[in-house]
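Commentary on secondary and tertiary structure
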Amino acid sequence: MHPVKDVRELQMTRHAIKERSIMTTPTTSAAGGSPRANASSGTSASPGDTSTARVDVAEWLAQAIFENRYPPGSLIPRELDLCDQHAQSRATVRTAIQSLVNAGILTRTTGQGTRVNPLSEWHLLDPRVTGWMTRYAMPHPQLARDIYAFRISIEPFVAALAATEATAQDLSAIEQAYDGMAAAVHGGSAMEEFDRADIAFHDAIFAATHNVIWAQLGHVLKPSISLLVATSNHNASELGDSLGRHRAVMEAIRLRQPDAAHAATLHVLDRTGQDLGLAMPAGPEGSHPAGRAQEPLELLRRFGQLPSLSAPLSSE
């Protein structure tokens, strides 16, 4: 056999083997991910169909729990049942369950299964939990009641503080959000536009306190506030009424009137309660239960943050 021909045939054989090796080696994704990352990126493992997205077991469980399909005290399905139901490995299912355990939503008990905790143990300020709450919590009756009670306890206080601390930039942000609400009402925009502007309105008021704790709390609680905002607005028979109540809050803050801002915010939340069927029991002549509405302002007076109020702090 000719030596040159032998060398050429050897080179061609090596080239063919190299080509075959490249074709059978897993490549990275277009986004630059590794083969391991691609394998766990959520694509389906079903034969012949790699385009179908896998179920995120943690999301599936969170939705089922927040929608009250597994109420507090009940057991969720066994790990093996979840593996079979969602075509996932046991390690994946365990990781998903552990994420809800870490969030205070579930408790594992050896030999007894995994049980849903009482709502009071859920870490509702955890960003992932607030995200689940926003996407899945309605209509969860206890969550709706508790979020509403929280809002009516603190938002009048926050609005009163904003009336003393808001800068021109803060007032502009509040007005811009209000204008977005008005445009949605008068322009016939999608309901989602009104919701977004309404949430921005409340968020701007939290920021206008210039108290780092209140501002951060407003940011963390935005998903839970949006939960009630969206639901109440969708049920409202007349968004114009809600718009007018929000305008009263804005004007009270603009005019540096903390008492009026406090009262106007209660008026907004009255409407929210009506739309949710959660209105607070009225006192004499439709007022709020005696003393409760004034608690936030009394706290402000005690800490000396409302020097312009007509009722000054008494010296002791």
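It should be noted that the structure appears before, not after, this text.
Criteria and thresholds
- Residues numbered from 1 in each chain as written.
- Predicted model: local features only at pLDDT ≥ 70, side-chain atom pairs only at ≥ 80, totals over all residues.
- Heavy atoms only, no water.
- Helix = DSSP H or I, 4+ residues; strand = E, 2+ residues; numbered from the N terminus.
- Buried < 20%, exposed > 50% of the residue type's maximum accessible area, 1.4 Å probe, protein only.
- Areas by Shrake-Rupley, 256 points an atom, 1.4 Å probe, with all protein chains shown as cover.
- Salt bridge = Lys/Arg side-chain N within 4 Å of Asp/Glu carboxyl O.
- Core = buried A, V, L, I, M, F, W, Y, C linked by side-chain atoms within 4.5 Å.
- Axes fitted to C-alpha atoms, helices over the stretch in contact; angles between N-to-C directions.
- Parallel < 35°, antiparallel > 145°, perpendicular 65-115°, else oblique.
- Left-handed = near helix turned anticlockwise from the far one by under 90°.
- Contact = heavy atoms within 4.5 Å.
- Nonpolar A, V, L, I, M, F, W, Y, C, P; charged D, E, K, R; others polar.

1. Structural notes on the overall build of the protein chain
Regarding its fold elements, the protein chain presents 14 helices and 2 strands. In the protein chain, which comprises 316 residues, the proportion classed as buried is 39%. Per element, the accessible surface of the protein chain, about 17700 Å² overall, is 55% carbon and sulfur.

2. Things to note about the pattern of salt bridges
Taken as a whole and assessed by the stated rule, the structure comprises 12 salt bridges. With a closest N to O distance of 3.0 Å, Asp 241 and Arg 245 form a salt bridge. Of this pair, Asp 241 and Arg 245 both sit in helix α12 (residues 239–254), separated by 4 residues, roughly a single helical turn. Overall, Asp 241 belongs to the partly exposed group, its relative accessible area being 27%. A relative accessible area of 11% means that Arg 245 is categorised as buried.

3. Some thoughts on the nonpolar core
One finds Ile 65, Phe 66 and Ile 105 to be the most contacted residues of the largest nonpolar core, which totals 35 residues. Of all the elements in the fold, those that place two or more residues in this core are α3 (57–66), α4 (79–86), α5 (90–102), α6 (127–136), α7 (141–165) and α13 (258–276). For this core, the element with the most residues is α3, which contributes 8 residues. Within the second largest apolar cluster, 34 residues are counted, among which are Ala 159, Ala 184, Ala 197 and Val 268.

4. Focus: the packing of helix α8 (residues 168–187) against α12
For any two helices packed against each other, the geometry comes down to the angle between their axes and how far apart the axes lie. Packing of α8 against α12 brings their axes to within 10 Å, and their N-to-C directions diverge by 165°. When the axis of α8 is compared with that of α12, the two are roughly antiparallel. You can see that α8 and α12 cross each other, and the crossing is left-handed. Within the contact between the two elements, α8 uses Leu 171, Ile 174, Glu 175, Tyr 178, Met 181, Ala 182, Val 185 and His 186 and α12 uses Leu 239, Gly 240, Leu 243, His 246, Arg 247, Met 250, Ile 253 and Arg 254. Along the lines of polarity and charge, the residues of the contact of α8 with α12 split into 10 nonpolar, 3 polar and 3 charged.

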